[in-house]
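Chain residues, written in single-letter form:
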Amino acid sequence: MAAAVSRRPLVSGNWKMHHDHIEALHTVRDLGLRIKPGDVSSLDVTVHPPFTDLRTVQSLIDGERLPLGLGAQHCYYEDRGAFTGEVSPQMLARLGVAYVLVGHSERRQIFDMTDEAVALTLRAVLRHEMTPILCVGETEELRDAGATSSHLEAQVRTALTGLAKEQVGAMVLAYEPIWAIGTGRAATVDDAQDACAFIRSVVAEMAGEPAARALRIQYGGSVKGANAGELVDAPDVDGLLVGGASLDAAGFVDIIRAVSDCYRSSAA
Ligand code: PGA
């Protein structure tokens, strides 16, 4: 099914608050040894380490020409100023960061990131010519109440309103149901497909069909090697946002290969 669309899948490893810069060095080196050119010929891979690791990981990716995009997990929306403890999008761009997660549910829930802050951060990331990965997803309570679609629609609309069609088409969205994150209980393929197709339909209403067709939508939440292939085989799932299973190079490469195999076999 994946062959019907020309979107190049994106597999992203969100390390969260794991791996100091020494561990990051070992993990990325290990990834570099394990990833073969054929594994990444039909997809993109990013790693999103903690801020303190970024410089180390960037040097390694550049020095050894590893087929990995550098990602961050968050940033503030101002370029500079009296914002103790924050990191600016400008600083990330200067470091060679290409992708930034925006509005991950842990930022929203634990650090009270508002929809407004998500929208501002998205614009700040775009202003510095990095690709935002906008995360959306419902809680278990919302799902049980049958409010998944209305919640996803509200999150997508508040974040994207006012952006140019081209900006929307070039960005990445990640559908991450909160009840699936870190629980071992991934969404079913049908649920992931339905949510991603619905998100795409909202984007089509807002930014037009071409932007909606171009936009990549990842699924995230308890992804592992065993379920990665079937999830990306769904026509509207264009990649995966992986937390726990991205911490170990061997496990992450299993996921990358499962996605690569799926896209290769559907292209054959
Ligand atoms: P998980 O996390 O793969 O550990 O469930 C996904 C995420 O939060 O991005």
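Residues numbered from 1 in each chain as written. Predicted model: local features only at pLDDT ≥ 70, side-chain atom pairs only at ≥ 80, totals over all residues. Heavy atoms only, no water.

## Describing the overall build of the chain
Counting its regular elements, the chain contains 12 helices and eight strands. Taken over C-alpha atoms, the radius of gyration comes to 17 Å for the chain, in line with the 18 Å a tight globule of 268 residues would show. Projected onto its principal axes, the C-alpha coordinates of the chain cover approximately 55 × 45 × 35 Å. Relative to its 268 residues, the chain shows a buried fraction of 54%. The positive charge centre, built from 24 side chains, and the negative charge centre, built from 35, are 6 Å apart in the chain. (Helix = DSSP H or I, 4+ residues; strand = E, 2+ residues; numbered from the N terminus. Rg over C-alpha atoms; globule rule 2.2 N^0.38 Å. Buried < 20%, exposed > 50% of the residue type's maximum accessible area, 1.4 Å probe, protein only. Lys, Arg positive; Asp, Glu negative; His and termini not counted. Charge placed at Lys NZ, Arg CZ, Asp CG, Glu CD.)

## Digging into the sheet that holds strand S8 (residues 239-242)
In space, the eight strands of this closed barrel follow the order S1-S2-S3-S4-S5-S6-S7-S8, with parallel pairing throughout. Each adjacent strand pair in this sheet contributes to an overall mean axis angle of 25°, direction not counted. Note: strand S6 (residues 172-175) against strand S7 (residues 216-220), four bridges, orientation parallel. In the strand pairing of S7, Leu173 is matched with Ile217. (Pairing = 2+ DSSP bridges. Axes fitted to C-alpha atoms, helices over the stretch in contact; angles between N-to-C directions.)

## Some points on the nonpolar core
Within the largest apolar cluster, 76 residues are counted, with the highest numbers of intra-cluster contacts made by Leu160, Leu173, Val203, Tyr219 and Leu240. Ranked by residues supplied to this core, first place goes to helix H12 (residues 249-267) with nine residues. Ignoring sequence-local partners within four residues, the contact set of Leu160 consists of Leu122, Arg123, Leu134, Val168, Met171, Leu173, Val203 and Met206. (Core = buried A, V, L, I, M, F, W, Y, C linked by side-chain atoms within 4.5 Å. Contact = heavy atoms within 4.5 Å.)

## Some thoughts on the site of the ligand
The ligand sits among 13 residues. The nearest are Lys16, His104, Glu176, Gly182 and Ser222. A distance of 2.7 Å separates an oxygen atom of the ligand from a polar side-chain atom of Lys16. At 2.7 Å from an oxygen atom of the ligand is found a main-chain nitrogen or oxygen belonging to Gly182. Of the pockets mapped on this structure, the ligand occupies the second largest pocket. Split by residue class, the shell around the ligand holds four nonpolar, seven polar and two charged. (Near = heavy atom within 4 Å. Polar contact = N/O pair within 3.5 Å; in protein donor to acceptor, adjacent residues only side chain to side chain. 1 Å grid on protein atoms, 1.4 Å probe; cavity = no way out; pocket = protein on both sides within 12 Å on 5 of 7 lines; lining within 4 Å. Sits in = over half its atoms within 2 Å of the grid points. Nonpolar A, V, L, I, M, F, W, Y, C, P; charged D, E, K, R; others polar.)

## Overview of helix H9 (residues 189-207)
With 19 residues, H9 extends 26 Å from end C-alpha to end C-alpha; this agrees with the ideal 27 Å at 1.5 Å per step. One or two residues past the end of H9 sits Gly208, with phi positive at roughly 95°. (Expected span 1.5 Å × (residues − 1).)

## Focus on the state of the cysteines
Per the counting criterion, the structure on display carries zero disulfides. Free of any disulfide, Cys196 has its nearest cysteine sulfur in Cys135, 12 Å distant. Summary of cysteine pairing: Cys262 is not part of a disulfide, and the nearest cysteine sulfur, belonging to Cys196, is at 14 Å. For Cys262, a relative accessible area of 9% gives the class buried. (Disulfide = S-S within 2.5 Å.)

## Regarding the layout of surface pockets
Empty space among the atoms becomes apparent when a probe as large as a water molecule is rolled across them. Its volume calculated, the largest pocket comes out at about 470 Å³. If you trace the largest pocket, you find 15 residues lining it, with Lys16, Met17, Gln73, Arg107 and Phe111 closest to the centre. The biggest single contributor to the lining of the largest pocket is helix H4 (residues 105-110), with three residues. Among the residues making up the lining of the largest pocket, the classes are represented as six nonpolar, five polar and four charged. Size it by volume and the second largest pocket reaches roughly 200 Å³. Together, 18 residues line the second largest pocket, and Gly182, Ser222, Val223, Gly243 and Gly244 are the ones closest to its centre. Here the lining of the second largest pocket is built from residues that sort into five nonpolar, 10 polar and three charged. (Points joined across faces, edges and corners; volume = space filled by probe spheres on them.)

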